[in-house]
Amino acid sequence: MLKTSYDFDQAILPAGSSLKTNILLRFRADIAESPRRNLNLSLVIDRSGSMAGAPLHHALRAAESVVDRLEPNDILSVVVYDDEVDTVVTPQPVTNKAALKNSINKVRAGGITNLSGGWLKGCEHVKKQLDPQKINRVLLLTDGHANMGIQDPKILTATSGQKAEEGITTTTLGFDQGFNEDLLIGMARAANGNFYFIQSIDEATEVFSIELDSLRAVVGQNLKLTVELADGVSLIDTLSLAKVSHNAGQTVITLGELYEGEDKLLGLSLEISATQIGELPVMKLHYSADVVQNDVIESLSGTADVVVKVGTVEEAALASSSHIILELSRLTIAKAKETALDLAEHGKHEEAEQILRALVKDLRDKGLNENFEIAEEIDQLEYFAGRIAQKALGNAGRKELRDQSFQTMTRNRSDLVGRGVTAGDEVYGMPVVNEVGSGVELHCVREGGKLRIKVISDGYDSTKNVQFPRGIRAEGARYVVEGLELSSDGSFYRVGGKITRLTRPGEADIFVAPRQSRSASIGKASKGPASAADLPTTDTVKDGVLVQCVKDGSKLRARVVSDGYEPNWNMRFPRSVREEGMLYVVDEIKTAPDGKSYIACGEIKRFVQPNSTN
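The model shown is predicted, which means the values in this text are computed figures rather than measured ones. (Residues numbered from 1 in each chain as written. Predicted model: local features only at pLDDT ≥ 70, side-chain atom pairs only at ≥ 80, totals over all residues. Heavy atoms only, no water.)

Undergrad: Give me the pairing of strand 27 (residues 583-591): which residues, what numbers.
TA: Note that strand 24 (residues 545-552) and strand 27 share 4 bridges and pair antiparallel. Residue V545 lies in a different strand from strand 27, and its bridge partner there is V586. Relative to strand 28 (residues 597-607), strand 27 runs antiparallel, the two being bridged by 7 bridges. Each residue of the ladder has a partner; that of V585, found in strand 28, is K605. Two successive antiparallel strands, strand 27 and strand 28, enclose a turn made up of 5 residues, where G595 displays a positive phi of approximately 75°. (Pairing = 2+ DSSP bridges. Helix = DSSP H or I, 4+ residues; strand = E, 2+ residues; numbered from the N terminus.)

Set out below in structure tokens:
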């Protein structure tokens, strides 16, 4: 059966004038023992030039880890794409894992990014094996912008929604810093799938594992609500990520999948006109979902009346709803992040900053900073408010904001909220000390996609987390603080006094102010040796630019395949080292005087793809 429950942020509303209130609705598939549903899964992996080196290495390792965790009744296909789309594993039961992993291990980096072609091929494979009793899913991984095939985000997002109507859900995974998060989140939302921001490339296996665990836990799909509001009640906002539409004057909300042991949360902001003491009908909910029942998928539906108690002002003041304050606060924080980002991108930086800072004050006034998770969110809000005020949110900050908002408003999992490992810029300008002295030593570590602060000094509980300013967190950094104090419930520490960064004598300081990548242009056109075999080799791109040699009619042409360049422009490149299909790393690419072609400058190295296995 499908269980529903609800709570208002005020257990008793005060009678009298109109007011605003929030309600938290919970939905859960109540199944005694859920059998594992088989998967019909297609992994679609970007192998374009920007993935060359460590990114593709870790992506393929992650794909191999998926193979290890699948079972013989699961169906798997694997598609890779650059400007060409190849199926390296045709749809098949996962019975010969060694052969499947061997096929994945042979993938090498290639050219430019035909995201649409790869994704649609994955959808095609899933459709061939489509089974409503299975979880039919495409996992699309990319690190760059689509620059070939269908590139319009609106078309791709709409098509993702159409595929979902056919029974094919898409989960998107954005790798590193170059992908288009608006596109990937848009596709995931349209398909009622998941989205993940893989900030650190060695997190790929962990994130794939989270998604696989989620797929195994799916016990219901297509959760949909029709909200019939009572007279005098209006819907102001939806605090959860959901598709909201209107039908015959009623609000229809689509919430997607239900997971075993996990409540699906829906937060709504309502406005209620003048009320009288007593029981007040607020809305009627009509809900439906496809839920696992007796080992098969069955459509369930039901109706629930939502009623709130109205009392005197004194009764309302004394009534407590503390048990849902944290959950509603998380949704409110996520919504504020989304709103602030939208305002900042429309040039309203001051208004965006004010929204975040006002929320910080409200959370503190309510005493919610005594909860570690909310204390962490306060640090995030202050950090992002400062970055927005300086108009310096940056690419990584934008991705973190969107990811944090998406995860909180979509899922109810603590391991997905508050993720972000980008080093705060302020760490580079901190005062530095060489010894701990009478202070307390702290260390910043990465845990599950989050930056956490731990105590190193004796006399403290090293298992407890430390509330610490987000702007100066950086993985591997060590700090000295004047003191630590326990939170009121004793579950975490707070920093007291001055904070400095610790670098011991004789140790290299890895957090000196970052230098500009290049102080001056290399300028000189590249010269090649007698043949490509004479080029030095490298298995990393780093600050270089990846170039590929392709056949163009009867000629061999060099083109740039790194993101941010025009792949169709011609390029001045030494003919002596051109070999079809070969990849090169060039120090610099300059635009030629004609404004529509490139010149390869500096040293040229031959790129060698590292193996994906240990």
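And the narrative resumes.
Undergrad: Report on the state of the cysteines, specifying residues and quantitative values.
TA: Summed over the entire model, instances satisfying the criterion amount to 0 disulfides. No disulfide involves C549; its sulfur sits 18 Å from the nearest other cysteine sulfur, which is in C601. For C549, a relative accessible area of 1% corresponds to the buried category. What makes C601 buried here is its relative accessible area of 1%. (Disulfide = S-S within 2.5 Å. Buried < 20%, exposed > 50% of the residue type's maximum accessible area, 1.4 Å probe, protein only.)

Undergrad: Would you mind going over the sheet that holds strand 16 (residues 296-311) in detail, with residue names and values included?
TA: In space, the 6 strands of this open sheet follow the order 2-16-15-10-13-12, with mixed pairing throughout. Edge positions in the sheet fall to strand 2 (12-14) and strand 12 (243-247), since each has one partner strand and no second. Neighbour to neighbour, the strand axes of the sheet diverge by 30° on average, direction disregarded. (Axes fitted to C-alpha atoms, helices over the stretch in contact; angles between N-to-C directions.)

Undergrad: I'd like a description of the pattern of salt bridges, backed by residues and values.
TA: For the structure shown, the criterion picks out 49 salt bridges. Here R402 ties to D182 by a salt bridge, and the two come within 2.4 Å at their closest N and O atoms. In this pair, R402 is assigned in helix 11 (residues 394-410) and D182 in helix 5 (residues 181-190), connecting sequence segments 220 residues apart. The partner of E262 in a salt bridge is R411, with the nearest N and O atoms 3.1 Å apart. Here the residue E262 occupies a position in the loop between strand 13 (250-259) and strand 14 (264-272), and R411 occupies one in the loop between helix 11 and strand 17 (432-433), the gap between them amounting to 149 residues. Judged on exposure class, the residue E262 and its partner R411 are both buried. (Salt bridge = Lys/Arg side-chain N within 4 Å of Asp/Glu carboxyl O.)

Undergrad: So, helix 5: which residues are in play, and what are the values?
TA: Helix 5 sits mainly inside the fold: 8 of its 10 residues count as buried. Within helix 5, the full set of buried residues consists of E181, L183, L184, I185, G186, M187, A188 and A190. Measuring from the backbone nitrogen of D182 back to the side-chain oxygen at the start of helix 5 gives 3.1 Å, which picks out N180 as the cap. Following helix 5 by one or two positions, N192 adopts a phi angle in the positive range, close to 55°. (Polar contact = N/O pair within 3.5 Å; in protein donor to acceptor, adjacent residues only side chain to side chain.)

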